[in-house]
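# Tertiary structure, described
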Amino acid sequence: MSAPEHDSQHEPNEPFAAPALDHEIVSFLALPPAAVGADSDSDARLIHALAIAHRLPDGADAVLHRVRARLSAAPSPVDADDGDDLGDFSAGEGLASLPPHWSSARHGSRATAAMRTLAAGLVIALLAGGYLALLRSRGTEQVPPPQARGWRDASITTARTSHPLDFHSSDGISYAVATTGGTVYACGSGHLWYSTDGGATYQSFTPELPPPPAIEQPLPSGATLDRCVIVTVPGLPGVFAFERVIGLGQDLPRAIGYATPGSNRWQDIPMTPNAQSVNPPPSQGILLDPYSIAQQLAYDGTAQASQGWLYLPLHQQNNTPSTQVPNLLLIGTPDFGGSWYWIDSTLFRQHALSCARVVVQPDDARRIACEVDNGDGTHSIWLTTDRGASWVSLPAPSIAPAHLAAITSRGVYATTDPTPEASGGLLLRLPDLTAGWRLVAPFPSPAAALAAGTEREVAVGRDGAVYVAQRVSDEASTTVQVDMLPKGASRFVSVAPARRFTPARGGVAFGGLDGQTPTVYLGAAVSFKGSVAPLERLALVPSSLPSPVYTPVPTVAPTAEPPTPRPQCAKVPITLAANRPGGLGAPVSTFPAVWGQPKANPGGREIFTLAGGTLTLDAPAGDGRASGMTYTVYPNVTLSLAQAQSLARQLMPTDAREIYIGAPVVHPIAHAYCSGGLWAAFPPGTYDFTMGTFEVDYYTRTDGKSVDHFTIALAMLG
Amino acid sequence: MLDAAVSVRAPETCRSLPPSLWRWAAALWHWVLLSRGEPPAARQPPETATSVTASNGCHRAQGEVDARALADRLYQEHAHAVLAYLCARLPALHDAEDVLADVFLAALAQCATTEPPGIGWLLTVARRRVADFYRRRRATADLPASFAAAAAMGPEEHALRAEELREVIARVALLPEDQRDALALRFAADMRSPQIAAILGKSEEATRALLSRALRRLRKELAQ
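Described in the following lines is the structure provided in the data block. (Residues numbered from 1 in each chain as written. Chains lettered and ligands numbered in written order. Predicted model: local features only at pLDDT ≥ 70, side-chain atom pairs only at ≥ 80, totals over all residues. Heavy atoms only, no water.)

For the rest of this paragraph, the subject is the overall build of chain A. Of the regular secondary structure elements, chain A holds ten helices and 36 strands. When the 718 residues of chain A are sorted by exposure, 52% land in the buried category. By sequence separation, contacts in chain A at least 24 residues apart represent 54% of the contacts at least 6 residues apart. Carbon together with sulfur atoms contributes 54% to the accessible area of chain A, which is approximately 30300 Å² in total. (Helix = DSSP H or I, 4+ residues; strand = E, 2+ residues; numbered from the N terminus. Buried < 20%, exposed > 50% of the residue type's maximum accessible area, 1.4 Å probe, protein only. Contact = heavy atoms within 4.5 Å. Areas by Shrake-Rupley, 256 points an atom, 1.4 Å probe, with all protein chains shown as cover.)

What follows is the structure in C-alpha cells.
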C-alpha cells in the first residue's frame, strides 16, 4: 500500500467517493473527448485514460466473428447421446465455471452435510470401481489408443509364398487392399496372389485369371497387354480385374471380372440394354457400355458397395441433350450388372444437380450421401435415405465449406478446409437432419516434412474410430503421416509420425476397418504399370495379436440367382463374315452388287440411291471398307423411325448388337452397337481403336416423327 | 488386446465412464450441493437486472434450435462486453478469443438445460476462466491485450497526451488483482457497482469502496 486508504464517503468534494462513484464516472465519461485536454480536470483525464485503456483492441471484430462461427459449429447442447465429439471443448465446463459464491439456506446441519458428502463419495467410488472392473473383465466397445509398431514391408517379394512366384518382380507389381475384410491382392505379369495376414504370407489366387480371349488380334509393335489392373471396392471383399492395351495412345480397360479367393470362377459384369430408373420415367439416354463401367471401376476409385448393391458415378458422353441426362450420374446395380438404376435421377430432374462424389453407408445401402457441384464454384452435400427416391440438402456448416468424407450409422462425416482455429481443417459430423453439424475434432496439422500439396485420406471404422493419413509425393519419395481419433476422443493422436519413403510409393489404402485389424497400406493404388516399389503396411494394433481368420467368400452375385452371362462386344467372334456385302465394314466394292451403280462420286465418296433416298459412303483411304455412311431421305418421301431403323439394320453387320438403350425420340436419336465383324474390319492399330463399336444417329424432321436422315459411323465408346 | 490396453492405460479409461454412470454421479453431487446450501446450476436464477429474458426461455424441451437461437442472441448482445473484459485481463487477443468461446459454449449448454444466463453470469464465468488461465500458466509480465493496444496509440487518436496514457496503463497494471478486476468490469464491460458486486461476490458498498480505492490510488500516484 502506498498510502493509507480510507473511506471518503463523507468528503463532499471527492468525486471518487464511494457513494457517488457510479454517477461521477458516468459524468466524466460523458464529457466530449475534446474537452479532456491537458488543462482539464485531472480526474476527468484519468477516467478517460482508463476508458481508452480498456477499449477493445484492433482485431476484436474478427475475433467476435470467428467465435460466433465456432459457436454455430459447436456440438449440439441437446443431443447428449454418447458424450463424444466434444472437440476442443470439454463437457461440463459450464458447470465447473459457475459462480462460486452462491449462498442459500442450508439443508441440514454441517455434520449432516458432511455425512452426505462422504456417503456420496463412497457410492461414486464404488460405481467407478465396478465399472473399471467390468472393463477389465469384459472389455469395452471404445477403441483403445492406437498402438502401431511402425511401418513394415508387406510386399510379396519379401513375404513367404505358398510356392515360387510365377512372375518377375522387376516387371512391376500392382497391389490392392480390400477395405472390407482386409485382404491384400498382388498381381504381376498376369498372375494374381493374395494375403490374408497383412502381407506376411501370400497364396496364389484361385480362380486364376482367365487367359486372354482368342479373339485378340496380334498387338501392334510397341503395344503390350496389361492384365494386372486390380481394384477393390469398399463393401466388397474380393477383387476386380481388368486388362488393357498399353502403347496405342488409348488406355481403355476391359473387365475380366470379379472374384474372391477360392471361388469357382470370375464373375462377369454383364451389360444390359434394359437400364431403368428407380423412378419413372426410364433413364433413357444413359450410356451403359462395358468400357465406361470398366473405366469408372478401374481408374476412378469412386465405386462403393453395400448390402449387395454396387454404386458408381458414371461419366456420360455429350451425345444427348443436357436437359435429359447429366454429364455425370450415379448408377447402381443390385444384381452385379443385370440391371442398372439411375440413382440421382430425382436430384437431377428437380434440382439440375448430380453427384460428383458419393459415399454409401456400409450397413444400409439405402443411405447415400453425395457431394454435388452447384455450378457456381461451391459444393453442397445431399442425402437420400431411400436409394434416390428423394433427396435432401444438408445444411452447410457456417464455419467453413464442408467436403463429404463418409457416412455411417452415426451420421454423415465431412471435412473442412483449414480454418483460423485449425490449420489442418476440422472433422464434422451431422448426426441427423434435425441437428446441426457437430465438431468431432480438429485435424492434426501436417508435419513440416509434409509440404504444400498434401493429400489427405480419411476413413471411419465400424467401431467409430477415425483414421487420417496425410501424404505428399514427389518423383523421388513419398512422405506420409498417420493419426487416429479413437471413438469418444476429442483429439487425434499420432499413430505414425511423418516418414519419408524412397522411392515414391503409390496411394494410401485402409484395410480391415470393418472390425478386423485396422491397417494402413502405402503403395496400393492403381497405376499405369505395376510399381517396383514395395508395399508398406502399418498395423494399428500390436502385431503379436492373432491375425483375423479369413474365410474365403464364394463368388456369387449379390442376388440369389446369378444373372445369366450376356454376350459382350469383346467376346463375340471376330470374323469378317459378319459384315454384309454392301454394309458397314464391307468393302466398298460390294455395294454396287447390292445397291446398284453409284450415282455420283464427289470427293471420293460413293453415292447410291435406294428406297427413296441417297446413301453416301465413307471409307478410309486405302482400306476400301465402309467405315461410315449417311442416308438422306428425299424431301417428298416420308420415312418413319421404324422404317429407318429397319433400313439401318440392313446396313449393319449381322452380329451388330445394341449395347445401350436409345435416346428418347427427339432430335437426335442415338443408338450404339458393337460388332465382332466390324472389329475384324477395323482392328486396333489399323484405323481406329473402336473395338468394333459404332453408332447410329437418326435426325427427325420438324414433325418430330419422320426421319430426315441418319448416319452410321465408327464410334469409340466409353 | 483390450485387457492389455486397459491395464496400461487405466486412468484414461476413467474418462470413458458411460453417461448413465455420470448421471448417477451428477445426481449424487446435486444432492450433496443441496445439503451444503449451494444451489446447483439448474436452479440458478438470473443474476442481474440486465439478464436476458426470453418469453419462451431456452429449455431443453424446446430443443436445440431455441437454445442456439438464444445463445446467439446472448452473443450478439454481450460478446462485445465480455471480450473487452477479457482483453483487459489476458495478455493476448487469441487468449481472449479462446476464453470467449469457452464462455459462450458454457452459455449454450446453460441455455439447453435451464434458465437463460445474463451478462452477470457470463462475466462471472469469464472471471473464472481468467483465473483458470493464470493457474495453467505462469503469471506473465505482459500487459493485457487492450492495454498494449492503447499504449501503442498515437496522440492523434485521443485528446490525452500519449505519455499520460501510458503512465495510467503502467499504474493500473501495478494495482492489486481485485482492483484491476473491478476496473476492468467497470470500464471494459461497462458494469455498474451493483452488477460488479454480484460478479465479485461482494456487497455493493464494498465494491464501491474497492473502485474508489483504486481510483484514488491511481490519482495519487499519477500526481507524484
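Residue and element names in this part refer to chain A. Using the criterion set out here, one finds two disulfides over all chains in the structure. Residue Cys 355 pairs covalently with Cys 370 via a disulfide, S to S 2.2 Å. Between Cys 355 and Cys 370 the disulfide shows an S-S torsion of about -65°. By sign, it is left-handed. In this pair, Cys 355 is assigned in strand β15 (residues 355–361) and Cys 370 in strand β16 (residues 364–373), connecting sequence segments 15 residues apart. For the pair Cys 355 and Cys 370, one class covers both residues: buried. (Disulfide = S-S within 2.5 Å.)

Take the packing of helix α10 (residues 193–200) of chain B against helix α11 (residues 204–223) of chain B next. In helix packing, the relevant descriptors are the interaxial angle and the interaxial distance, both defined with respect to the helix axes. Residues and elements named next belong to chain B. Interaxial distance between α10 and α11 falls to 8 Å at its minimum, and their mutual angle equals 105°. The orientation of α10 with respect to α11, classified from their angle, is roughly perpendicular. Taken together, the residues of α11 that come into contact with α10 (itself represented by Ser 193, Pro 194, Ile 196, Ala 197 and Leu 200) are Glu 204, Thr 207, Arg 208, Leu 210 and Leu 211. Looking at side-chain class alone, the contact of α10 with α11 contains six nonpolar, two polar and two charged residues. (Axes fitted to C-alpha atoms, helices over the stretch in contact; angles between N-to-C directions. Parallel < 35°, antiparallel > 145°, perpendicular 65-115°, else oblique. Nonpolar A, V, L, I, M, F, W, Y, C, P; charged D, E, K, R; others polar.)

All names here are of chain A. Across two bridges, strand β2 (residues 160–161) lies against strand β6 (residues 201–204) in parallel orientation. Looking at β6, one finds that Thr 161 is bridged to Tyr 202. Here two bridges tie strand β5 (residues 191–195) to β6, and the two strands are oriented antiparallel to one another. Paired with Trp 193 across the two strands is Ser 204, which belongs to β6. Linking β5 to β6, which pair antiparallel, is a turn of five residues; within it Gly 198 sits at a positive phi near 70°. (Pairing = 2+ DSSP bridges.)

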